[in-house]
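Notes for the structure review
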Amino acid sequence: MSLTTEQMRVLHRNLFRAVTLDKMMMRLIRVGKLVGFYHEGGIALAPGVAAGTFLQQHDIMWPHYRAHGIAHLISKGIDIKRFIAEHMGREDGCCKGRSSFHPSFPKDHVFGYSGNIGANFPMSVGYGFAAKYKQSGQVVMNCSGDGSYGEGRCHEAMLMAANWKLPIIFWCEANGMAQHSNIGDLFPGPDISSLAAGYGIPASIVDGQDLFACAEEALRAIEHTRLGHGPIFIECKTLRAQEHGVGHVNFEGPKPRDPKLMEEWKETRDPLKLASARLLQEKVLTQDDIDRMEAEVAQEAEDIEAFCEASPKALPSIAEMQAAVYAA
Amino acid sequence: MSYEREITLSAAIREAYVEEMRRDERVFMLGISIQAGTYPQTKNLVDEFGVRRIVDTPLAETGMVGCAMGAAQEGLRPILDFMYAGFSYYAGSEVFLQAGQYHFLHGSQHSLPMVMVGSCGLGRHVGNEHATLPYGTTIHHPGIKACMPSTPYDAKGLMKAAIRDDNPVFFLWHINLMMHKGLVPDDDYIVPLGLADVKRAGSDITVLASGLQVHHALKVAEKLKDQISVEVVDARSFEPFDRDTLLKSIAKTTRLVIVDEDFERCGFAAEVSTQMMEHGYDLLDAPVKRVCHPNLPIPGGYMDTYTMPTPERIEDAIRDVCHWGKS
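Residues numbered from 1 in each chain as written. Chains lettered and ligands numbered in written order. Predicted model: local features only at pLDDT ≥ 70, side-chain atom pairs only at ≥ 80, totals over all residues.

1. Quick word on the overall build of chain B
Note the cut-off: To qualify as a helix, a DSSP run of H or I must reach at least 4 residues; to qualify as a strand, a run of E must reach at least 2; elements of each kind are numbered from the N terminus. Only C-alpha atoms enter the radius of gyration; for comparison, a globular chain is expected to reach 2.2 Å times N to the power 0.38, where N is the number of residues. Residue burial here comes from a neighbour count, namely the number of other C-beta atoms, placed from the backbone, that lie within 10 Å of the residue's own C-beta, with 20 or more meaning buried, 12 or fewer meaning exposed, and in between meaning partly exposed. What counts as a contact here is a pair of residues whose C-beta atoms, placed from the backbone, lie within 7 Å.
Across its full length, chain B carries 13 helices and 14 strands. Taking 2.2 N^0.38 as the reference for a compact globule, 327 residues should give roughly 20 Å; the C-alpha atoms of chain B span a radius of gyration of 20 Å, in line with that estimate. With respect to the three principal axes, the spread of C-alpha positions in chain B is 65 × 45 × 45 Å. Residues counted as buried form 57% of the 327 residues belonging to chain B. Residue pairs at least 24 apart in sequence account for 80% of intrachain contacts in chain B once pairs closer than 6 positions are excluded.

What follows is the structure, given as structure tokens:
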């Protein structure tokens, strides 16, 4: 499935925005402006952009937590400033400042993610079940990392999704690390996607640093599920060129990770550099276009930060919060 | 003109399912072997509603609960049958950390209507996994409602209220009441969650109980009627809990025994007892007494018939509280 030049432009711009906002989030947490934690996306943002860009508004998406799903969310067309305000504990946060880091955009069919890794699996079954029950034509973009496949939940979900032929994309952003452990030390096989074979779910592997290759796989997976062919598994092989979360050690098992290798990845495997180079080479964009985009996106980041700063800190009374526990 | 019929508690739950599924296309059921009908309340439902709405799942409780949550967020109204309520613990994170807390944490923007159903209770000699009563554990976690009927009337009305509620509700029913019979009207009615019921009026002491223990309390009240006038209050709903009805009762009787088939430590009885200390201290003439399952695993074999609160233990507690300060 080949991409149009317009699709490539949109993907590239989404990645540009994701990278810029990821850097802004890193700056904000370092100066103490985020209330909770942040897990840098770094050079692993291409799969998230690919996952979100071609979804329709009514399609359900569970973003991966890396970069806290910013790449996924902006690509799905979500107004990201309310999500960033949430990270800053503000009243205008998408969860009214109550969650620290959860997205919630019910109109866009993003109901959140969870601090419990693997919670995406059974809930995605429910989203897919509802889509099929309602015959709504919705698909489910169920994003998580390779580490999340250690949770038994993934097996229950793959079993149910396959058995009921649910429209669920198991979108695995495999960066080879689970917290401070190398996936190679945690799983017996080389590829997480091999798990799908046990459930008869078709699976493929794609270079997660190649934005356009990921996007082609996303389009294929969306079509597969939209047409009622049941679940599909896409493993995007990506990289984590930094520690798990801000302030953590950067180890794999007992040993520090190789800093030279990570620097090399940043030089040679950065998906934005690769995508920009390709679009320049194919004359889809000029350097002027890219420079203009850089200025626009920098302005967007600045506006978002100003919006968040202007929003009051959410400090509701205990009584107000108690009144908000149940749906009326 | 309305009629009443005498039906079992199980049949009453079944009627609630049928009526609510006919009324609302969004309601569906999922569980293990519910098409065949592990319990009579789901038997033959598939004949009317088909396999689309009566869904047999793999043995995968975590997947089941997540499936119900996701379906609820996408606009359906699932009823999830755990068979045994203790099986809910497989999905501890989903049930306790997520289902009830999702709404608040995500800005109270989007409801999550789902009913979880499970049998519980002692007396079948099968040990802890099948007997455990998870209402205390459930209501420890904010955002999830929980109830347990003692009569077919309450069972049908509470189930209908639970299905129509926009929040997660854990509906527990006592296994030894499955074939318990009572009158149920033909009319559409609900028993609101959060409304206790005075099952027997009395003036000397209040006994708060739920499920099977309501019947134990009623038995003791009848036995003691010429010596001690016992008021029996059925909690019916643990969360929301109807504190006002209980306070009104102890304002009259000045004495309280709480019967709770769950473990004593940190349980519903402990919670209610503290609430009475905080809100009803001046009304009481004697300390509150609990009759609970002791803090040991629910045994199998013959022992569960006396580790559970028995009429004898309830009677002893009533006599103790009534004689407090008089010896």
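Past the structure itself, the notes keep going.
2. Things to note about the confidence of the model for chain B
All names here are of chain B. We count it as follows: Values of pLDDT, ranging from 0 to 100, describe the predictor's confidence in every residue of the model.
Residues with a pLDDT of 70 or more make up 99% of chain B, whose mean pLDDT is 97. Within chain B, the lowest mean pLDDT, 94, falls on helix α12 (residues 304–307), and the highest, 99, falls on strand β11 (residues 230–234). The ipTM assigned to the predicted complex is 0.96, against a pTM of 0.97.

3. Thoughts on the sheet that holds strand β14 (residues 289–293) of chain B
Residues and elements named next belong to chain B. Short version of the rule: For two strands to pair, DSSP has to find at least two bridges joining them. Inter-axis angles, ranging from 0 to 180 degrees, are taken between N-to-C directions of lines fitted to C-alpha atoms, where helices are fitted over the stretch in contact.
The strand order across the open sheet built from 5 strands is β9-β11-β10-β13-β14, with neighbouring strands paired in mixed fashion. Looking along the sheet, the strands with just one partner apiece sit at the ends: β9 (197–200) and β14. Between one strand axis and the next, the sheet turns by 25° as a mean value, whatever way the strands run. In this structure, β9 lies alongside β11, joined through 3 bridges in antiparallel fashion.

4. Thoughts on the sheet that holds strand β3 (residues 54–56) of chain B
Either a parallel or an antiparallel arrangement is found when strands of a sheet pair, and the pairing is made through backbone hydrogen bonds. Residues and elements named next belong to chain B. In space, the 7 strands of this open sheet follow the order β3-β2-β4-β5-β7-β6-β12, with mixed pairing throughout. Both outer strands of the open sheet, β3 and β12 (237–239), are each paired with one neighbouring strand and no more. For this sheet, the mean angle separating the axes of adjacent strands, direction not counted, is 20°. Judged from the 5 bridges that link them, strand β2 (residues 27–31) and strand β4 (residues 77–84) form a sheet pairing that is parallel. By the bridge assignment for β4, phenylalanine 28 is matched with proline 78. Helix α8 (residues 152–164) contacts β2, β4, β5 (114–120), β6 (145–147) and β7 (168–174) of the sheet and is inclined by roughly 160° relative to β7.

5. Some details on the nonpolar core
As a rule of thumb, soluble globular proteins bury nonpolar side chains together. Short version of the rule: Note on terminology: a nonpolar core is a set of buried residues of type Ala, Val, Leu, Ile, Met, Phe, Trp, Tyr or Cys, with members joined through C-beta atoms within 7 Å.
Core analysis: the largest hydrophobic core is formed by 195 residues, its most contacted members being B:Leu80, B:Phe171, B:Val207 and B:Val257. Top element by residues in this core is helix α1 (residues 5–30) of chain A. It accounts for 9 residues. Residues in contact with B:Val257, not counting those within four places in the same chain, are B:Ile205, B:Val207, B:Lys289, B:Val291, B:Ile314, B:Ala317, B:Ile318 and B:Val321.

6. Re helix α9 (residues 212–223) of chain B
The line we're drawing: Multiplying 1.5 Å by the helix residue count minus one yields the expected span of that helix.
The terminal C-alpha atoms of α9(B) lie 17 Å apart, and with 12 residues this matches the ideal 16 Å at 1.5 Å per residue to within 8%. Its buried side turned inward, α9(B) meets β7, β9, β10 (205–209), β11, β13 (256–263) and α13 (311–322) of chain B.

7. Comments concerning the interface of chain B and chain A
Selection rule: Residues are sorted three ways: Asp, Glu, Lys and Arg are charged, Ala, Val, Leu, Ile, Met, Phe, Trp, Tyr, Cys and Pro are nonpolar, and all the rest, Gly among them, are polar.
The partner chain A presents 34 residues to the 36 residues of chain B that form the contact. Broken down by secondary-structure element, the contributors of at least two residues to the side of chain B that touches chain A are α3 (61–73), α4 (92–99) and α5 (102–105) of chain B. Along the lines of polarity and charge, the residues of the side of chain B that touches chain A split into 14 nonpolar, 18 polar and 4 charged.

8. Here we look at the environment of A:Ala178
Residues and elements named next belong to chain A. Looking at the secondary structure, you find alanine 178 in strand β4 (residues 177–178). Given 21 C-beta atoms within a 10 Å radius, alanine 178 is considered buried. Sequence-wise, alanine 178 and aspartate 146 are 32 residues apart; in three dimensions their C-alpha atoms are separated by 7.3 Å. Discounting chain neighbours no more than four positions away, the residues touching alanine 178 are Asp146, Gly147, Gly150, Ile183 and Leu186.

9. Some remarks on the domain arrangement of chain B
Residue and element names in this part refer to chain B. To keep things clear, this is the line we draw: Note: domain ranges come from an automatic or database domain assignment.
The domain boundaries assigned to chain B delineate domain 1 (4–185) and domain 2 (197–322). On the side of domain 2, 26 residues touch domain 1, which itself brings 24 residues to the contact. Partitioning the side of domain 1 that touches domain 2 into residue classes produces 12 nonpolar, 10 polar and 2 charged.

10. Remarks on the pairing of strand β8 (residues 181–185) of chain B
Residues and elements named next belong to chain B. Covered by surrounding structure in β8 are Gly182 and Val184 only, the residues Lys181, Leu183 and Pro185 on the alternate face being uncovered. Sheet analysis places strand β1 (residues 4–8) next to β8, joined by 5 bridges and oriented antiparallel. Looking across to β8, one finds that isoleucine 7 is bridged to glycine 182.

11. Thoughts on the packing of helix α2 (residues 46–53) of chain A against helix α8 (residues 211–226) of chain A
How two helices sit against one another is set out by the angle between their axes and by the gap between those axes. Residue and element names in this part refer to chain A. Selection rule: The handedness criterion is simple: a crossing whose near helix is rotated anticlockwise from the far helix by less than a right angle is left-handed, and one whose near helix is rotated clockwise is right-handed.
Orientation of α2 relative to α8, taken along the N-to-C sense of each, is 35°, at an axis distance of 8 Å. Relative to α8, the crossing made by α2 is right-handed. For the pair α2 and α8, contact is made by Ala46, Pro47, Val49, Ala50, Ala51 and Thr53 and by Leu211, Cys214, Ala215 and Ala218, respectively. Taken together, the residues that form the contact of α2 with α8 break down as 9 nonpolar, 1 polar and no charged.

12. Digging into the packing of α1(A) against α2(A)
Residues and elements named next belong to chain A. Quick note on the threshold: By the definition adopted for this analysis, an angle is roughly parallel if under 35 degrees, roughly antiparallel if over 145, roughly perpendicular if from 65 to 115, and oblique otherwise.
For the pair α1 and α2, interaxial distance at closest approach is 9 Å and the crossing angle is 130°. Classed by the angle they form, the pair α1 and α2 counts as oblique. Here α1 and α2 pass one another in a crossing that is right-handed. The residues of α2 that touch α1, namely those facing Val10, Leu11, Asn14, Leu15 and Ala18, are Ala46, Gly48, Val49, Ala50 and Thr53. Classifying every residue of the contact of α1 with α2 gives 7 nonpolar, 3 polar and no charged.

13. Observations regarding the environment of A:Glu40
All names here are of chain A. You can see glutamate 40 is positioned in the loop between α1 and α2. Overall, the presence of 22 C-beta atoms within 10 Å leaves glutamate 40 in the buried class. If sequence neighbours within four positions are ignored, glutamate 40 has contacts with Asp22, Met26, Ala67, Gln242 and Val246.

14. Structural notes on unusual backbone geometry
Going from B:Glu239 to B:Pro240, the amide bond is cis rather than trans, its omega being -5°. Structurally, B:Pro240 can be placed in the loop between β12 and α10 (243–253). Positive phi outside glycine occurs at A:His109, with the angle close to 60°. For A:His109, the location among the structural elements is in the loop between α4 (81–87) and α5 (120–134). By the C-beta count within 10 Å, which is 22 here, A:His109 ends up buried. Here B:Asn44, not a glycine, exhibits a phi torsion of approximately 65°, which is positive. Secondary-structure assignment places B:Asn44 in the loop between β2 and α2 (45–53). For B:Asn44, a count of 14 C-beta atoms within 10 Å puts it in the partly exposed group.

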